[in-house]
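The residues making up each chain are set out below.
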Amino acid sequence: MFIETRGNDSIKPQRAPFSYAILNPSASFGGLYVPETLPHIDSTFLEKTTHKSYKELTIDILKMFKIDIEEDVLEKAVSLYDRFDNANDPAPLVQIKEDLFVNELFHGPTRAFKDMALQPFGHILSHLAKKKQEDYLILAATSGDTGPATLDTFANKENIRVVCLYPDGGTSDVQRLQMTTQTSPNLKIIGIHGNFDDAQNALKTLLASKSFNEELTKLDIKLSAANSVNFGRIIFQIIYHIHAYIALLKQNKVEIGKPFYTIVPSGNFGNALGAYYAKKMGLPIEKILIASNINNILTDLINTGIYDLRERKLLQTTSPAMDILISSNVERVLYDKFGSKRTKELMDALRDEKIYQLTPLELASLREDFDAVSCDDDFAKHTIASFAKENYVMDPHTATCLKAYELLKKKNIPCVLCSTAEWTKFAPTMFNAIQNDTVKYSDKEALDGFSKALHVKIPECIDALFSQPIIHDKVVDKAHIEAEIFAFLEAKS
Ligand SMILES: *Cc1c(COP(=O)(O)O)cnc(C)c1O
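The structure displayed is predicted, hence computed values, not measured ones.

K.L.:
Before we move on, could you go through the overall build of the chain and cite the residues and values that matter?
P.N.:
Of the regular secondary structure elements, the chain holds 21 helices and 15 strands. Its C-alpha radius of gyration of 21 Å places the chain within 12% of the 23 Å reference for a compact globule of 493 residues. By its C-alpha atoms, the chain is 60 × 50 × 50 Å across when sized along the principal axes. A buried classification covers 60% of the 493 residues belonging to the chain. Long-range contacts, defined here as pairs at least 24 residues apart, represent 74% of the contacts in the chain between residues at least 6 apart. Summed over its atoms, the accessible surface of the chain is roughly 20000 Å², and 48% of this surface lies on carbon and sulfur atoms.

K.L.:
Residue-level account of the environment of D68, with values.
P.N.:
Turning to its location among the elements, D68 is positioned in the loop between α3 (54-64) and α4 (71-78). A relative accessible area of 34% means that D68 is categorised as partly exposed. For the pair D68 and F18, spaced 50 residues apart in sequence, the C-alpha to C-alpha distance is 6.1 Å. Once residues within four sequence positions are removed from consideration, D68 is found in contact with P17, F18 and S19. Among the polar contacts listed, one links the side chain of D68 to the backbone nitrogen of F18, at a separation of 3.4 Å. Side-chain polar atoms of D68 contact the side chain of S19, separated by 2.6 Å.

K.L.:
Go over the sheet that holds strand β5 (residues 135-141), please, and point to the residues and values.
P.N.:
Across a sheet, strands are paired by hydrogen bonds formed along the backbone, either parallel or antiparallel in direction. Strand order in the open sheet made by the 5 strands is β8-β5-β6-β7-β15, with parallel pairing throughout. Bordering the open sheet on either side are β8 (221-224) and β15 (475-476), each of which pairs with just one other strand. In this structure, strand β6 (residues 160-167) lies alongside strand β7 (residues 187-192), joined through 6 bridges in parallel fashion. Within β7, the position partnered with C164 by the bridge is I189. On top of the sheet, helix α8 (residues 196-208) reaches β5, β6, β7 and β8; it is set at about 150 degrees to β5, its chief contact. This element, helix α9 (residues 210-218), spans β5 and β8 of the sheet and lies at about 130 degrees to β8.

K.L.:
Got a sec to walk through the site of the ligand? Specific residues and values, please.
P.N.:
Taken together, 15 residues are adjacent to the ligand, and K114, D145, G267, N268 and T420 come closest. Between the ligand and G270, the relevant distance is 3.1 Å, taken from an oxygen atom to a main-chain nitrogen or oxygen of the residue. Notes on the ligand: free accessible area 390 Å², of which the protein chains cover 96%. A per-class count over the shell around the ligand returns 6 nonpolar, 7 polar and 2 charged.

K.L.:
Let's hear about the pattern of salt bridges: which residues, and what values?
P.N.:
Scanning the model with the defined rule gives 33 salt bridges in all. Residues K280 and D336 are paired through a salt bridge, measuring 3.1 Å at the closest nitrogen-oxygen approach. Taken together, the residues K280 in helix α11 (residues 270-281) and D336 in helix α13 (residues 330-353) connect sequence positions 56 residues apart. Looking at K280, the relative accessible area reads 43%, which means it is partly exposed. Of the charged contacts, one joins R367 and D371 as a salt bridge, the two residues approaching to 3.4 Å between their closest N and O atoms. Taken together, the shared-partner salt bridges connect K344, D348, R351 and D352 into one network.

K.L.:
So what's going on with the side chain of K114? Residues and values would help.
P.N.:
Here K114 is to be found in helix α5 (residues 114-131). D145 is the oppositely charged side chain nearest to the buried, salt-bridge-free K114, at an N-O distance of 4.9 Å. Ignoring sequence-local partners within four residues, the contact set of K114 consists of D145, T146, A149 and R233.

K.L.:
Give me the lowdown on the packing of α5 against helix α10 (residues 231-250), citing residues and values where you can.
P.N.:
Put simply, α5 and α10 touch, their axes get as near as 8 Å, and they point 135 degrees apart. The angle between α5 and α10 places the two elements in the oblique class. In the crossing of α5 with α10, the sense of the turn from one axis to the other is right-handed. Between α5 and α10, the residues in contact are K114, M116, A117, L118, P120, F121 and I124 and G232, R233, F236, Q237 and Y240, respectively. Looking at the contact of α5 with α10 residue by residue, the class counts come to 8 nonpolar, 2 polar and 2 charged.

Parameters and conventions
Per chain, residues are indexed from 1 in the order of the written sequence. Local features in a predicted model are, by the rule used here, given only for residues with pLDDT of at least 70; side-chain atom pairs are given and counted only at 80 or more, and totals for whole chains, interfaces and linings are based on all residues. Hydrogens and water are ignored here; the side-chain numbers use all heavy atoms of the structure. What counts as a helix is a DSSP run of H or I of at least four residues, what counts as a strand is a run of E of at least two, and both are numbered from the N terminus. The quantity called the radius of gyration is restricted to C-alpha atoms. Its globule counterpart is 2.2 Å times the number of residues to the power 0.38. Using a 1.4 Å probe on the protein chains alone, a residue whose accessible area is under 20% of its type maximum counts as buried, one over 50% counts as exposed, and one in between counts as partly exposed. Residues are treated as being in contact if the distance between any of their heavy atoms lies within 4.5 Å. Only the protein chains shown count as cover for residues, and all accessible areas are computed by the Shrake-Rupley method using a 1.4 Å probe. In protein, a polar contact requires one atom able to donate a hydrogen and another able to accept it; more generally it is a pair of N or O atoms within 3.5 Å, and residues adjacent in sequence count only if both atoms are side-chain atoms. By this definition, two strands are paired if DSSP reports at least two bridges between them. Lines are fitted to the C-alpha atoms to define the axes, a helix being fitted only along its stretch in contact, and any angle between axes, read from their N-to-C directions, falls within 0 to 180 degrees. Here a residue is considered near a molecule or strand provided that any single heavy atom belonging to it is located within 4 Å of it. Polar here means any residue other than Ala, Val, Leu, Ile, Met, Phe, Trp, Tyr, Cys and Pro, which are nonpolar, and Asp, Glu, Lys and Arg, which are charged; Gly is therefore polar. In the sections that follow, a salt bridge refers to a side-chain nitrogen of Lys or Arg positioned within 4 Å of a carboxyl oxygen of Asp or Glu. Counting rule applied: Lys, Arg positive; Asp, Glu negative; His and chain ends not counted. When an angle is under 35 degrees it counts as roughly parallel; over 145 it counts as roughly antiparallel; between 65 and 115 it counts as roughly perpendicular; any other value is oblique. Each crossing gets its handedness from the near helix: less than a right angle anticlockwise from the far helix is left-handed, clockwise is right-handed.

That's the geometry; what it means functionally is another story.
Take a look at the structure:
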């Protein structure tokens, strides 16, 4: 069963099953749902699992959570890993140094790690909506990776419609085309004049608007969310951390039970939270090392115990999926360590005073599991170039992890770095890095240039984007979003 991070308001259920928590992801007082207990994995479990495929491991773990989803639905959900480059190994672990391994999480249909969770999650959510004979609208605002992955998983799914807002000019060409060329009739993509913050604020305003919600009720449409506050995504993000350890065991790089580090390039902290839960479940993670870019709010929290938004402005970097100030999933760690009363106090302070501060004891507790460092664009660029010379291609988000590897890894044990995107999604940055220039290439020029220079292939799904017709060409002012959404919903219903 699932409980709430900020306590219960006596209106929402005190405890809810998984199906409820994923269809209605916002809990009392603006909190989140968390599992009441976590299953335990031990050496016996890990040993038994070394022979299993990724999909079998996933089913085993999901069953241990005892969620209220039938096994055949889970089977169908994990069969979506068949869409990855290698169905038997959707998340390969690649060694790049004596003690450094890359957990490549980007081999799914949209070439970012969001697919690892969103692919199976999309099937489960649509199944639940259909079973309840309810229609759901999912509103998403994206800075680039969430949008394509959300649209891809819900394309042509029953009982779900998705409206996705993106900042016009704020995403890479590849990311924009992954959205605007979508043909499925249950998807609507709208460009916004403004930046990602504007898109996200527009969405928040809509979600809070009484008239918007009343109009939806009239159309008999309910709202849900597919962002990483939804536990239905987090549950799938626990698994690849466990899988990475099993891969280390299989490759004889670690003895069973012996610890390893993991490094996570973090934004909304979903990936890192998955690692935290895996550690709590018994996976021998020495420490979870958090990599941030110069939007280093997470680094500050983990180093000082202070989360301070007051003087902060979002800075643009070459790792845009980590450009974030409010990192939602940190709340689940706070809850796990300090309970709902304290979590509500801290989150209320963040809302009202734009700052909270942990006590020294609380900070010490946080630092038992996490350490963190931030990395600037220059460091990432040099990292990309130096690994490219050694024939390993890593994207700008993944590259931020090398700083953590150099500065925070204290023990001589294996280290797994989570790679969150394929280079093809950020081709101009990649080409700039290896050319050591600052030319403004188009995505197409940079894809071709980089691919030729390094002899790496561009996957067909990326290459084809440039010749597909644009279906969604609307770019509007914030004020017109609501009208666009209703025009779409009414045309369909
Ligand atoms: C979403 C994303 C991240 C951040 O992941 P969180 O789980 O939100 O911390 C990092 N890198 C890439 C490429 C992403 O798409």
